[in-house]
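A closer look at the structure
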Amino acid sequence: MKFSHRYPLRKWRVLGTHLFLATLGVIAVVITMHPWAGQADDGDTSRLDRTLVNVLRAGRFTGEVEATLEARLGRRIDPRLADLGRLLFFDTAVGLYGDNACAGCHSPARGFGDTQSIAIGVQNNGIVGPNRVGARNQRRSPLVINTAFYPKLMWNGRFFAPSGDPFDNSQGFTFPQPEGTTQFPPNDPTVEYLLVAQAHIPSTELVEMAGFTGTAGTIGPRFDQFDDGDGTPVPPPAASGFRNEPIRQAVLERFNAMPEYRKLFGKLFPEVRAGAPIDFSMFGRAVAEFEFTLVRANAPIDRYARGERNAMTESQKRGALVFFGKGNCVACHAVAGKSNEMFSNFEMHNIGVPQIAPAVGVGLGNVIFDGPVRTRTLDWSRSLAIRLIATNSADHRCATWRCNRRSSTTAHLRGWKMRSATT
Ligand code: HEC
Ligand code: HEC
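What counts as what
Residues numbered from 1 in each chain as written. Chains lettered and ligands numbered in written order. Predicted model: local features only at pLDDT ≥ 70, side-chain atom pairs only at ≥ 80, totals over all residues. Helix = DSSP H or I, 4+ residues; strand = E, 2+ residues; numbered from the N terminus. Contact = placed C-beta atoms within 7 Å. Near = placed C-beta within 6 Å. Axes fitted to C-alpha atoms, helices over the stretch in contact; angles between N-to-C directions. Left-handed = near helix turned anticlockwise from the far one by under 90°. Nonpolar A, V, L, I, M, F, W, Y, C, P; charged D, E, K, R; others polar. Parallel < 35°, antiparallel > 145°, perpendicular 65-115°, else oblique. Core = buried A, V, L, I, M, F, W, Y, C linked by C-beta atoms within 7 Å. Buried ≥ 20, exposed ≤ 12 C-beta atoms within 10 Å, placed from the backbone. Arc of directions from axis to C-beta. pLDDT = per-residue confidence, 0-100.

Of regular secondary structure, the chain possesses 18 helices and six strands. Counting contacts in the chain only where the partners sit at least 6 residues apart, residues at least 24 apart contribute 59% of the total.

What follows concerns the site of ligand 1. Around ligand 1, 26 residues are found, and the nearest of them are C102, C105, G121, M154 and W155. Looking at the shell around ligand 1, the elements that each hand over two or more residues are α5 (102-105) and α7 (206-210). Element by element, the count of residues in the shell around ligand 1 is highest for α5, at three residues.

In the contact formed by helix α2 (residues 43-58) and helix α14 (residues 314-324), the axes pass within 10 Å of each other and the chain directions differ by 35°. Relative to α14, the crossing made by α2 is left-handed. Between α2, through T45, L48, T51, L52, V55 and L56, and α14, the contact on the second element is made entirely by E314, K317, R318, A320, L321 and F324. Of the residues that constitute the contact of α2 with α14, the class distribution is seven nonpolar, two polar and three charged.

Another point: the packing of helix α4 (residues 79-89) against helix α10 (residues 259-268). Contact geometry of α4 with α10 gives a least axis separation of 10 Å together with a crossing angle of 155°. As summarised for this structure, α4 and α10 are arranged roughly antiparallel, according to the angle between their axes. α4 and α10 meet at a crossing whose hand is left-handed. Between α4 and α10, the residues in contact are R80, L81 and L84 and L264, K267 and L268, respectively. Considering only residue class, the contact of α4 with α10 consists of four nonpolar, no polar and two charged.

So, on to the nonpolar core. Formed by 78 residues in total, the largest nonpolar core has its most connected members in L194, A197, F283, A286 and V287. The greatest single-element share of this core, amounting to eight residues, is contributed by helix α12 (residues 280-292).

Our next topic: unusual backbone geometry. Of note, the bond from Q177 into P178 is cis; its omega dihedral lies within 30 degrees of zero at 10°. For R60, which is not glycine, the phi dihedral falls at a positive 60°. Within the secondary structure, R60 sits in the loop between α2 and α3 (69-73). Positive phi is not limited to glycine here, since N328 has a value of about 55°. When you line up the elements, N328 lands in the loop between α14 and β3 (348-349).

Take α14 next. Of the positions making up α14, those classed as buried are Q316, K317, G319, A320, F323 and F324. Down the axis of α14, the buried side of the element spans an arc of 160°, and every buried residue falls inside it.

One can find V295 in the loop between α12 and α13 (300-305). Sequence separation between V295 and E66 is 229 residues; the distance between their C-alpha atoms is 6.4 Å. Once residues lying within four places of it in the same chain are set aside, the contact partners of V295 are E66, L69, N146 and A148.

What follows is about the confidence of the model for the chain. Here the chain averages 82 in pLDDT, and 78% of its residues register 70 or above. Contacts of residues 28-40 to residues separated by more than four positions or lying in other chains number six contacts, the stretch itself having pLDDT below 50.

Further remarks concern α10. Within α10 the residues assigned to the buried category are Y261, L264 and F265. Each buried residue of α10 sits inside an arc of 95° when the element is viewed along its axis, so together they form one side. Projecting away from the buried face of α10 at angles above 90 degrees are the exposed residues P259 and K263. Of the surrounding secondary structure, the elements contacted by the buried residues of α10 are α4, α9 (244-256), α11 (270-273) and α12.

Tracing the backbone through its elements, the reader meets L321 in helix α14. Residue class for L321 comes out partly exposed when judged on the 17 C-beta atoms lying within 10 Å of it. Between the C-alpha atom of L321 and that of T51, which follows or precedes it by 270 residues, the distance is 8.1 Å. Once residues within four sequence positions are removed from consideration, L321 is found in contact with T51, L52 and V55.

In structure tokens form, the structure reads like this:
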């Protein structure tokens, strides 16, 4: 009795369950037939995802590097210090000649890089970007974003942390002369990070920021034409034979003479509030703090590695497999360990691209600096390079030294045409 009574009921339940499953099935089929359907049900895609996830995992690429910044600093970013650094980054007072700021070459509109294939420094026309005209440097301005994570700075890696870690000053920071190994010694509490040390350099560069006023007759005849008498005179070299430290002191004199800056520095440095002069490490700490706010590593490949499977298209995923797999780009454009997921092993390589730059002086043509270059970090193209079809971006192509070759003639014609020579 009990049985006969229960059977029909169970049949209905079974049928009901099947109908329910069948309906789900129909809905699923309809969903996957729609163009907006996710790719998760596609066998090839899930195989591609499985392979790529394993390849990224094996290569120790996590996509998390941006989030590690404050742990690496050992503290939170100080927004007030960063804001002071922002003011300094955009202030032409940092250059004795008075017409160029960090942002003149590292422009926010260009990822804190440049549209010019070779940087234009002092005696510029006051414009940033494609219409900038003025004295050429000999190299392109790289991007400042993410440089917080670079253990070696500059095209040839000549500013570096011997510890291999830009956040670790236990072995000091090494620069070429005159700073050498002594200016930023181990465990200096005022120069904790490589970027603090780097910020000591740009204002000392004559062609970048300091200008040539007062140098006629002191460097060499080829340079005399650049002394146009404008701006603050560049002080003579110190006993070491170098001007870097005298120039830094001259820049500090300016800042110490400005009540507004003394007040701003005083808010952050109690010694300044108590009357002590602003020193260059304070300048460097503020600028570096601003640069720490310019850390961005959220390209599709980063998001994908963090688990967002639809952050990349299928062709991008296949490109990534080539990049991390049989293309072995990752051998140089490294992500693991001390490369901090920056797509560079920070080693020097000669990949057969000569650097061609204007020679110093009007009408002298170009010079070739051949030599190994630091592996580019692919920041222009954190995602583009992964697609392996990076050639559709003019800026991207221009980011290598190869670009100098293409544009060196125009660079030469337009560059080094100093204001004194044209007016
Ligand atoms: C005249 C243009 C110019 C100005 C002004 C300038 N830079 Fe640069 N910057 C460059 C160039 C060019 C390089 C690469 C030079 C080299 O490798 O020899 C560079 C390199 C750098 C790097 C290293 C990037 C890397 O990929 O290794 C950082 C960081 C940087 N500059 C920050 C600054 C700061 C901070 C200031 C202001 C205090 C500044 N720059 C002023 C042109 C400029
Ligand atoms: C032997 C080391 C090495 C290998 C392997 C390598 N690269 Fe590079 N790559 C470099 C160096 C060094 C540069 C910088 C060249 C220069 O500035 O002149 C560079 C530059 C680049 C740039 C230009 C980046 C920019 O900012 O303009 C791209 C893109 C690039 N590589 C992609 C790749 C891809 C894709 C592969 C694999 C197919 C690859 N690289 C393999 C060393 C390497």
